[in-house]
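One-letter residues, chain by chain:
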Amino acid sequence: MKINHNFSALGQNYLFAEVDRRVCAYVENNPGREIIRLSIGEGCRPLAACVVQAMQDAAAEMGTEAGFRGYGPAEGYEFLRRAIQDEYARFGVKVDTDEIFISDGAKSDLTHILELFSADNTVLVPDPVYPVYVDDNRLDGRRVIYAQANAENDFLPMPNSAVHADLIYICSPNNPTGAAYTSQQLAAWVTYALENDAVILYDAAYRCFLTDPELARSIYQVEGADQCAIEIGSFSKRAGFTGTRCGYTVVPHSLNREKMNLNAVWRRRQQTKTNGVAYIVQRGAEAALSPKGQAQIQKDLNYYRANAAVLGEALDAAKTWYCGGKNSPYLWLKCPGGMGSWQFFDWLLEHCGIAGTPGVGFGPCGEGYFRLTAFGEKEKTHIAAEKLKAALLQL
Ligand code: PLP
């Protein structure tokens, strides 16, 4: 028996577990101190009423002889794939229902999709970004190189033709910086991927937060992307499905590498390794995409947008540099007074009772930066913004 020693290449704790551990330790040492958590990457609003209704109806249907369903299709029910196809059509993107695969969330797909690629590929990951990409690849023993994102490139790294990569991650809007690409910028990545025979893994988990019409909703808005990109979506941030679990991956029919069709290979993989996602959950996701669902969900998204605006105003008033918060639920700020990310984490906890996420946890380029989320409750976010402004102004 040989263990996967790549586990030793990971940090001791997953970033968000480490933040939690430190906050809990602080609370234990400071009993009675109330902490406002602006560190959490999930919403606080309940599921939309029509989503709950659809899941209740589906549960009732399952309790009848005629409506009972057992194993569903590994790639997901046609009704949900059609609803996702319709949404793509609203972005002006044509996707076949056979190109859509339903899953229990983006995080699972982001790791499972790597089974399509051998361990000797070189992987290009934006820095900073959602830490899962790096960990997943390190576990498989792949070489990871970084595309540096910084204030000079507006946290939107562009391809470097002198560097070769086989797999390229793009997260737009980005977690944690909130930076999002235009179609013109994505076109440069598509050209680079085609020239390098590379595959792009495009994570669109936060696309529901895009408001600026200039910004790309999908990589498939770029010509040629269907020959080099896999896109991953989620119901978590857009519809509060973090606990309900539903996502999807688009693998185009025209995506071929080394004489293999990746759509066919992925279908085969799914048929072998999963029995799909609960019917009840898929009915809930379908309802989230309905006109009624969209209207209900927009109210929640606006709730978070208003939180982001409140936090942004506090940072503006304190003359603290930040980006994000406009097409994203995350605000990405420069730690004041030259503080490091974890130093600011401790400072913020101590002076404001606010827990955030240290930028360096998302990659080396995140050092000196910090992520705050707009996913918190409105009242607490207002209190946090006041405290933050007052403390920053006193620095
Ligand atoms: N992708 C990004 C960029 C994320 O930030 C997250 C969660 O925070 C996910 C994917 C995971 O999404 P899901 O809940 O669908 O697994």
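Residues numbered from 1 in each chain as written. Predicted model: local features only at pLDDT ≥ 70, side-chain atom pairs only at ≥ 80, totals over all residues. Heavy atoms only, no water.

1. Notes on the overall build of the protein chain
And step 1. Along the backbone of the protein chain there are twelve helices and 15 strands.
And step 2. For a compact globule of 395 residues, the expected C-alpha radius of gyration is about 21 Å, and the protein chain comes in at 21 Å, within 12% of that figure.
And step 3. Across its three principal directions, the C-alpha atoms of the protein chain cover 60 × 55 × 50 Å.
And step 4. Look at the contacts in the protein chain between residues 6 or more apart in sequence, and 73% of them connect residues 24 or more apart.
And step 5. When the accessible surface of the protein chain is split by element, carbon and sulfur atoms take 50% of a total near 17,400 Å². (Helix = DSSP H or I, 4+ residues; strand = E, 2+ residues; numbered from the N terminus. Rg over C-alpha atoms; globule rule 2.2 N^0.38 Å. Contact = heavy atoms within 4.5 Å. Areas by Shrake-Rupley, 256 points an atom, 1.4 Å probe, with all protein chains shown as cover.)

2. Observations regarding the sheet that holds strand S14 (residues 357–358)
And step 1. The four strands are arranged S11-S12-S15-S14 in an open sheet whose pairing can be described as antiparallel. A strand with exactly one partner marks an edge of an open sheet, and here the two such strands are strand S11 (322–324) and S14.
And step 2. Where S14 meets strand S15 (residues 369–373), two bridges bridge the pair, whose relative direction is antiparallel. Considered in S15, the bridge of Pro-358 is made with Phe-370.
And step 3. Together, strand S12 (330–334), S14 and S15 form the strand contacts of helix H11 (residues 341–352), whose direction differs from that of S15 by roughly 45°. (Pairing = 2+ DSSP bridges. Axes fitted to C-alpha atoms, helices over the stretch in contact; angles between N-to-C directions.)

3. Some remarks on the site of the ligand
And step 1. Neighbouring the ligand are 15 residues, the closest being Asp-203, Tyr-206, Ser-234, Ser-236 and Lys-237.
And step 2. Here Asn-175 contributes a side-chain N or O atom positioned 2.8 Å from an oxygen atom of the ligand.
And step 3. One of the side-chain N or O atoms of Asp-203 is found 2.6 Å from a nitrogen atom in the ligand.
And step 4. Counting residues per element, the ones that place at least two in the shell around the ligand are helix H4 (106–112) and helix H7 (236–239).
And step 5. Of the residues that constitute the shell around the ligand, the class distribution is seven nonpolar, four polar and four charged. (Near = heavy atom within 4 Å. Polar contact = N/O pair within 3.5 Å; in protein donor to acceptor, adjacent residues only side chain to side chain. Nonpolar A, V, L, I, M, F, W, Y, C, P; charged D, E, K, R; others polar.)

4. Focus: unusual backbone geometry
When glycine is set aside, most residues are seen to have a negative phi, and most peptide bonds are trans.
And step 1. Residue Pro-173 is bonded to the preceding Ser-172 through a cis peptide linkage, with omega at -5°.
And step 2. In this fold, Pro-173 is placed in the loop between strand S5 (167–171) and helix H6 (183–196).
And step 3. Residue Pro-176 is reached from Asn-175 by a cis peptide bond, and omega for that bond is 20°.
And step 4. Assignment of secondary structure puts Pro-176 in the loop between S5 and H6.
And step 5. Notably, Phe-155 is not glycine yet its phi reads approximately 60°, a positive angle.

5. A few points about the state of the cysteines
And step 1. Per the stated rule, a full pass over the model turns up zero disulfides.
And step 2. Here Cys-335 stays free of any disulfide, with the sulfur of Cys-323 as its closest cysteine sulfur at 12 Å.
And step 3. Judged by relative accessible area, Cys-335 falls into the buried class, the value being 5%.
And step 4. Summary of cysteine pairing: Cys-352 is not part of a disulfide, and the nearest cysteine sulfur, belonging to Cys-335, is at 13 Å.
And step 5. Assessed through its relative accessible area of 1%, Cys-352 is described here as buried. (Disulfide = S-S within 2.5 Å. Buried < 20%, exposed > 50% of the residue type's maximum accessible area, 1.4 Å probe, protein only.)

Honestly, it's all geometry; don't read function into it.
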